[in-house]
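# Breakdown of the fold
Single-letter residue listing:
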Amino acid sequence: MPKKMHIELTVNGQSHEFLAEPRELLIHTLRERLNLTGPHIGCETSHCGACTVIVNGKSVKSCTMFVAQANGADLTTIEGLGTPDVPHVLQTAFREHHGLQCGFCTPGMITRASKLLEENPNPTEEEIRFGMAGNLCRCTGYQNIVKSILAAASELNAAKEAAE
Amino acid sequence: MNDMTPEREERVAGLKGLGCSRKRVEDARFTQGKGNYVDDLKMPGMLHGDFVRSPYAHARVKSINTEAAMALDGVVAVLTAADLAPLGLHWMPTLAGDKQMVLADGKVLFQGQEVAYVIARDRYIAADAVELVEVEYEELPVLTDPFEALKSDVVLREDLDPAAPGAHGPRKHPNHIFTWEAGDREATEQVLAEADVVAEEMVYYHRTHPCPLETCGCVASMDKVNGKLTLWGTFQAPHAIRTVVSLISGIEEHNIRVISPDIGGGFGNKVGAYAGYVCSVVASIVTGQPVKWVEDRMENLMTTAFARDYWMKGKIAATKEGKITGLWCHTTADHGGFDACADPTKFPAGFMNICTGSYDIPTAYLAVDGVYTNKAPGGVAYRCSFRVTEAAYFIERMIEVLAIELNMDAAELRRINFIRKDQFPYQSALGWEYDSGDYHTAWDKALNAVGYDDLRKEQAERIEAFKRGETRKLLGIGLTHFTEIVGAGPVKNCDILGLGMFDSCEIRIHPTGSAIARLGTISQGQGHATTFAQILASEIGIPADSITVEEGDTDTAPYGLGTYGSRSTPVAGAATAMAGRKIRAKAQMIAAYLLEVHDDDVEFDVDRFVIKGAPERFKTMKEIAFAAYNQAIPGIEPGLEAVSYYDPPNMTYPFGAYICVMEIDVDTGEHQIRQFYALDDCGTRINPMIIEGQVHGGLTEALAIAMGQEIAYDEMGNCKTGTLMDFFLPTAWETPHYTTDHTVTPSPHHPIGAKGVGESPNVGGVPAFSNAVHDAFRAFGLRQSHMPHDHWRIWKIADDLGLHG
Ligand code: FES
Ligand code: FES
């Protein structure tokens, strides 16, 4: 068994320090070590996006990243996006527009969408469909996911305008 | 008095009952990442199970050496069939009356079959140990073609006496499972012989897989102190699982508690009982610790629950004018190595005998032969009700082929053959009584909505332009009018493992006027906690927001057969309404007592009982609830509770008209869906928002199946589609925008007239997409080309028709 590595991570603003095998996958670190079970496992091959988190400002599929590769990184998971009292605009929009059914893809979907809206605050429907293509959903047929993201975008933009 | 005054309207709206697009109560936790799925469960001392699986599709297992695996630090045990045999658990019964190996007993029959079960401290060690188990195999000849299998000398199931009948009657060959027949063979053959026109075709519905985003899994925990086994898992039928576990393990049923936590989609995948469950239970009994088993995606696609794989040979007879006179179908059904199909016992081919579809076909005959091959077992209803998808695809292709034969417009051919509104209840030639329908209205609405005549003109112009060399794109118009049969079902003819397919609801009204309802079903994304509360709200006048709906815990919920085959609304939804009516009946007596009048002098009005003719004198349900708990009412027991076990008198028959307009690039085989219109009639609509969501999702699964998704094997029996790289799940980018529409023809026998909707879009969607592909090439002579219509296969159609010059 290879030597364990010393790992430091910041997840949702909280810092963690531990020893881990170099082969430990980031998704397992989050789910099993840190009890952040929002990100899910749907394939472990980078296809479904259920495990999507944000690593140093980028959308990352945490099933195909070793925790060793994330050493020193700053991470955000669905648990860090909003709270039950102050939900993220996307969390509200998904609920408002029926953007989820079984909910299994939802944490990854919303986490990815939050990044998409930073990359492109005014996406067209087509740009959303393209920008979300790394996240699979088996239940919704995407139509209401697209609708939710469009609604969140206009809400965020309206808030920005009001602030300016 | 029942006029809709603004005040009354407000009270109705406040209930958020039937017809309201109520937001889902489930979503708060899911959007926060606070769902509770089986892999999220964590318990002190929990161990992890993992399988050693066969790399071969057909082989003898000569020896298994577990020494090296056992020597690995952190490995607790390695189970093989030899360990399970003394307990009689090396085989388990299937839902179809067959039996299946839990762990390889001397041989394996499909690639990926479970050979040994490793139990270890964590999932990494378990995976390492799986690699260390040495298995010696001797390869055997492989059968992947059901037609070959029926001729071959290679016997797959050596455990079965070839001369003895199977669970569904005599077997004709060692690899034959059953023959199932419906209708009148002789009469049908006579109609075929005398018909003006007979169209004949082989329609293959390929093997695929439900592939929910969450795979199957469980956690078994045997408490040795009190003798109680708790089993959490991705179960679409938790109560049936409890009974099965009890029957095969010998643990008394009251000592077993099965819990389905949140389920990340099911679509039929999570109906069956799998080796992983049995092994985890045994492992927990052996170790006294909780044991988790969660399959990975490859295991999911390769081993648990395929769907379809029906070869349907059809003949359809008609007059010159296009009136259908008879339908004949012979199906060869590839069931894989074990017959583990999830069908009601008396229906080994499910409800395939709904294959006369939406049409008034006076004479018909259906025979289905089930066959063993070296493929994974399963045969689940992937977002459909027991082979209804196969049936709908078959008839909707046969109609198209007949239209070609008659040189007729396929929309018109359908119209002149629809069962008319005045013919309902309609007795079909293959034995069903269709409860209700209005197909002509739905059809005309659909054709008008898409501008059908203009589309046909455009298509004709396109063909001319193509012939002139001005375009390389063809236009396909895919039509479907489907009729489903869901809501299994009446106990007199529907059972699974002898368990009648009723369902149940238990309601308790709390003293302050809120309530909890528990059901025998289990949501996997359908939003039961939202919609069942709506049914109740309208029945008992308590706001949906004040009603908790709970499912999936066999210790608290009443017994029910679970959620699949679109049965929740037709059966458990009916139980909910009936239990609500019992509550209302008692509430009426309490109200009358409180108002000091006779029971018959009060009537229900939205959220209260009022004195007839004096609506200003009333008692609200809230007041009545409180009275039920704080007053001694002569002749009435305290409390306000009810339970209903509902045995439906008939199935329900949702229907719909779908039209797909597709552009096809002849040179690349790529397609683009320009328009998709879906009209559904699911009877009374409980929550339109959720219905539309179900339709979008089902259509996307249909898109996947029709246009690329398959479980494919090579001639060695290797599964070629074991990852999401090879198994097609459409992304948002590939998925079109859908237009939804509806008509409402309530079910006459369902307490609220609802019929179920979740599966309609898959049943109707597949033929709509497939017919669009076929229709694009109709003018060039295409009759039938098998799904999935991926780019290569479409390119091949064009090439075979000589369209590449
Ligand atoms: S689990 Fe990471 S992409 Fe599917
Ligand atoms: S909501 Fe079920 S997978 Fe997306």
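Residues numbered from 1 in each chain as written. Chains lettered and ligands numbered in written order. Predicted model: local features only at pLDDT ≥ 70, side-chain atom pairs only at ≥ 80, totals over all residues. Heavy atoms only, no water.

## Comments concerning the pairing of strand β32 (residues 671–681) of chain B
All names here are of chain B. In terms of strand pairing, strand β31 (residues 655–665) meets β32 through ten bridges, oriented antiparallel. The residue bridging Phe655 from the neighbouring strand is Asp681, located in β32. Counting the residues in the hairpin turn of β31 and β32 gives five residues, including Gly669, whose phi is positive at 75°. Both β32 and strand β33 (residues 739–742) contribute to a ladder of four bridges, which runs parallel. Within β33, the residue paired with Ala678 across the bridge is Thr740. (Pairing = 2+ DSSP bridges. Helix = DSSP H or I, 4+ residues; strand = E, 2+ residues; numbered from the N terminus.)

## Regarding the interface of chain B and chain A
Between chain B and chain A, the contact holds 53 residues from the first and 52 residues from the second. Summed over both partners, the interface of chain B with chain A comes to about 4500 Å²; 54% of that surface belongs to carbon and sulfur atoms. At the junction of chain B with chain A, the criterion picks out five salt bridges. Its salt-bridge partner being Asp39(B), residue Arg31(A) comes within 3.6 Å of it at the nearest N-O pair. Taken together, the connections running from chain B to chain A amount to 28 residue pairs in polar contact (both at pLDDT 80 or more). Listed by contribution, the elements that provide at least two residues to the side of chain B that touches chain A are α2 (27–31), α5 (123–132) and α18 (688–707) of chain B. In terms of residue count, α18(B) provides more of the side of chain B that touches chain A than any other element does, eight residues in total. Its residues placed into classes, the side of chain B that touches chain A shows 22 nonpolar, 17 polar and 14 charged. (Contact = heavy atoms within 4.5 Å. Buried area = accessible area lost by both parts, 1.4 Å probe. Salt bridge = Lys/Arg side-chain N within 4 Å of Asp/Glu carboxyl O. Polar contact = N/O pair within 3.5 Å; in protein donor to acceptor, adjacent residues only side chain to side chain. Nonpolar A, V, L, I, M, F, W, Y, C, P; charged D, E, K, R; others polar.)

## Here we look at the domain arrangement of chain A
When the parts of a complex come together, some accessible area is lost, and that lost area is often taken as the interface size. Residues and elements named next belong to chain A. The domains assigned to chain A are domain 1 (5–80) and domain 2 (89–163). For domain 1 and domain 2, the distance between their C-alpha centres works out to 22 Å. Opposite the 19 residues of domain 1 that make contact, domain 2 presents 13 residues. Of the roughly 1100 Å² buried at the junction of domain 1 and domain 2 (both faces included), carbon and sulfur atoms supply 60%. Applying the counting criterion to the domain 1 and domain 2 interface returns seven residue pairs in polar contact (both at pLDDT 80 or more). (Domains from an automatic or database assignment.)

## Here's the deal with helix α17 (residues 621–630) of chain B
Those residues of α17(B) that fall on the buried side of the exposure criterion are Met621(B), Ile624(B), Ala625(B), Ala627(B) and Ala628(B). In an axial view of α17(B), the angular spread of the buried residues amounts to 165°, which keeps them on one side of the axis. (Buried < 20%, exposed > 50% of the residue type's maximum accessible area, 1.4 Å probe, protein only. Arc of directions from axis to C-beta.)

## A closer look at the domain arrangement of chain B
Residues and elements named next belong to chain B. By the assigned domains, chain B splits into domain 1 (6–35 + 503–646), domain 2 (38–140 + 215–263 + 270–303) and domain 3 (306–487 + 651–800). Each of domain 2 and domain 3 was reduced to a C-alpha centroid, and the two centroids are 37 Å apart. Surface buried jointly by domain 2 and domain 3 totals about 1800 Å² across both partners, of which 62% is contributed by carbon and sulfur atoms. On the domain 2 side of the interface with domain 3, the three residues burying the most area are Leu109, Gln111 and Leu301, jointly 28% of the side's total. Counting the contacts that link domain 2 with domain 3 gives zero salt bridges. Sorting the residues of the side of domain 2 that touches domain 3 by element identifies β5 (99–101) and α10 (297–303) as the ones contributing at least two each. The leading source of residues in the side of domain 2 that touches domain 3 is α10, at five residues.

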